[in-house]
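Structural overview for review
What follows is each chain in one-letter form.
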Amino acid sequence: MLIMNNNLFETVIRKTRQLIHSERFIHKHRIGTGFTRNRKLSFSQLIYFILASGKKSIGVNWSDISHEFPSLNLPSVSKQAISKARQKISSNACLELCQLFSKIFYKYDDAFSLWNGYHIYAVDGSTIQIPPSEENINFWGSNPNQYGKDEPLASASLLYDVMNDIIVDSYIGKYRLNEREAAERHMDFFAGLHLSGKHIFLFDRGYPSYDLFSKLMSCQLFFLMRLSSSFKNLINTEKEDVLVQYQPKGRKLSLQLRCIHVQLPDGNMEYLVTNITDTAFTVDTFRELYFLRWGIEGRYKEIKVSFQLESFSGYKPEIIKQDFYSTVFLSNLSALIKNMADTHLKSNVQNKHKYQVNRNFIIGRVKRNIISFLTRKRNTVSGMISKIIKEAVRNLSLIRPGRQYPRHKKYTRRKCYMNDKY
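This section reports on the structure supplied with the text. Everything numeric here is computed off the predicted structure, so don't read it as measured data. (Residues numbered from 1 in each chain as written. Predicted model: local features only at pLDDT ≥ 70, side-chain atom pairs only at ≥ 80, totals over all residues. Heavy atoms only, no water.)

Overview of helix 11 (residues 283-291)
Of all the positions in helix 11, only Val 283, Thr 285, Phe 286, Leu 289 and Tyr 290 are classed as buried. Around the axis of helix 11, the buried residues are gathered within 155° of arc, so they sit on the same side. As for helix 11, its buried residues are in contact with strand 1 (118-129), strand 5 (198-203), strand 6 (222-226), strand 7 (241-246), strand 8 (255-263) and strand 9 (269-274). (Buried < 20%, exposed > 50% of the residue type's maximum accessible area, 1.4 Å probe, protein only. Helix = DSSP H or I, 4+ residues; strand = E, 2+ residues; numbered from the N terminus. Arc of directions from axis to C-beta. Contact = heavy atoms within 4.5 Å.)

Some remarks on the packing of aromatic side chains
Taken as a whole and judged by the stated rule, the model has 21 aromatic pairs. Considering the side-chain rings of Tyr 118 and Phe 281, the 5.6 Å spacing of their centres and the 85° angle between planes classify their relative orientation as edge-to-face. One end of the pair, Tyr 118, is in strand 1; the other, Phe 281, is in the loop between strand 9 and helix 11, with 163 residues separating them in the sequence. A single burial state applies to Tyr 118 and to Phe 281, both of which are buried. Here the aromatic cluster, defined as three or more aromatic residues joined through ring pairs, consists of Trp 115, Tyr 118, Phe 222, Phe 281 and Phe 286. The ring of Phe 139 has Lys 174 sitting right over it, with the charged end atom 4.1 Å from the ring centre. Looking at Arg 293, its charged tip hangs above the ring of Trp 294, at a distance of 5.3 Å from the centre. (Phe/Tyr/Trp six-rings, centres within 6.5 Å; stacked < 30°, edge-to-face > 60°. Lys NZ or Arg CZ within 6 Å of the ring centre and 35° of its normal.)

Some details on the pattern of salt bridges
Applying the stated criterion across every chain yields a total of 22 salt bridges. For Glu 96, the salt bridge goes to Lys 28, with nearest N and O atoms at 3.6 Å. Within this pair, whereas Glu 96 is found in helix 6 (residues 92-107), its partner Lys 28 is found in helix 2 (residues 23-29), the two being separated by 68 residues in sequence. Measuring nitrogen to oxygen at the nearest pair gives 3.1 Å for the salt bridge that ties Asp 211 to Arg 251. Remark: Arg 251 occurs in the loop between strand 7 and strand 8 and Asp 211 occurs in helix 9 (residues 210-218); sequence separation between them is 40 residues. You can call Asp 211 partly exposed: its relative accessible area is 39%. Connected through shared salt-bridge partners, Asp 124, Asp 204, Arg 226, Glu 270, Arg 293 and Glu 297 make up one network. (Salt bridge = Lys/Arg side-chain N within 4 Å of Asp/Glu carboxyl O.)

Concerning the side chain of Arg 365
Take Arg 365: it is sitting in helix 14 (residues 359-375). Discounting chain neighbours no more than four positions away, the residues touching Arg 365 are Ile 388 and Glu 391.

A closer look at the pairing of strand 1
For strand 1, a buried count of nine out of 12 residues is recorded, marking the element as mostly surrounded by other parts of the structure. With six bridges connecting them, strand 1 and strand 5 associate as parallel partners. Residue pairing in the sheet places Ala 122 in a bridge with Leu 202 of strand 5. Inspection of the sheet shows strand 1 paired to strand 3 (residues 150-161) by nine bridges, in the antiparallel sense. Its bridge partner being in strand 3, Gln 129 is matched across the sheet by Leu 153. (Pairing = 2+ DSSP bridges.)

Structure follows, in structure tokens:
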């Protein structure tokens, strides 16, 4: 993991606060004529509310925040007024907070955690349950449930830094969005970060295509993708490691790819494709590398379960997108503090077994203190972080290397589990 200190977290908080209160930010992300006159509800007050809202009703959240943070001067207004005001804020405001985080993180002068000298990223999508309404079905798309009734669904996509535990870029769109197009959006944002070093991107079997291969190779980026059975001209080889010239019909250029056959513990064969031709990378190396992709699955679980993303604070599409991007932002802040706490744990606590701080404990503290972070002075924020870290090292989880669980194809309605509490 990346070794960090309070300065990085404080820089993120300071820059975020400045952005929230900047006139450029307000003018850029207001919808229509919203916030052009002095109103009871200001743009910055609503951003704080979006970030700090728990999974309660709007009225209860507003009342709790008003009493706990009187310095915000939240007016006494109806929940309808709050919802109406939120619809005048573009969700791109919350997206910009996420992007600001990534830009600060990767410009920070520190040593990144690498895998064999490479930065490792995973790209994957997931389905998000949306509050039921006719508007959401029309806006997001839908799929029939077990009773044949249409349920609105959205699709999310993440670009995740596996080794440093950071969501680099995120996107939420209509149900069944084109995963490859979402991946290209991530690549465009990544290119704008202008990062040095060697980078490998990991993809599941929904992503392989000539266009994505070509885009990544033209950007001088490495990739490793799982192939589906439809790629007969790549996987129908007898050798477990072979170079292939890939040129579908209608394409002028041929791409040199490497096809890898990996046998799974259950005896099934997994097919991978890459543009890494270095012979130092063996079949076992690629097996280890592709396994790193599972980190993004854990991150999706975090934002869906620990942050209770799908318990949205409103029905409107713009509010749903606000909730999604604000959750990604809070998730990254939690990752920073967890990293600091884990570093403190390794340096100061000696245990027989390997432990890490409990991630859900950190998440709970971040959600509870986000407004305090953004409104208090720097020395106060530093003290708060130190206190959270001291508490976190008393709430540990045992690390079990190589632990695996069989995938059960049994569906359950249960969504709340004891080990997901914070």
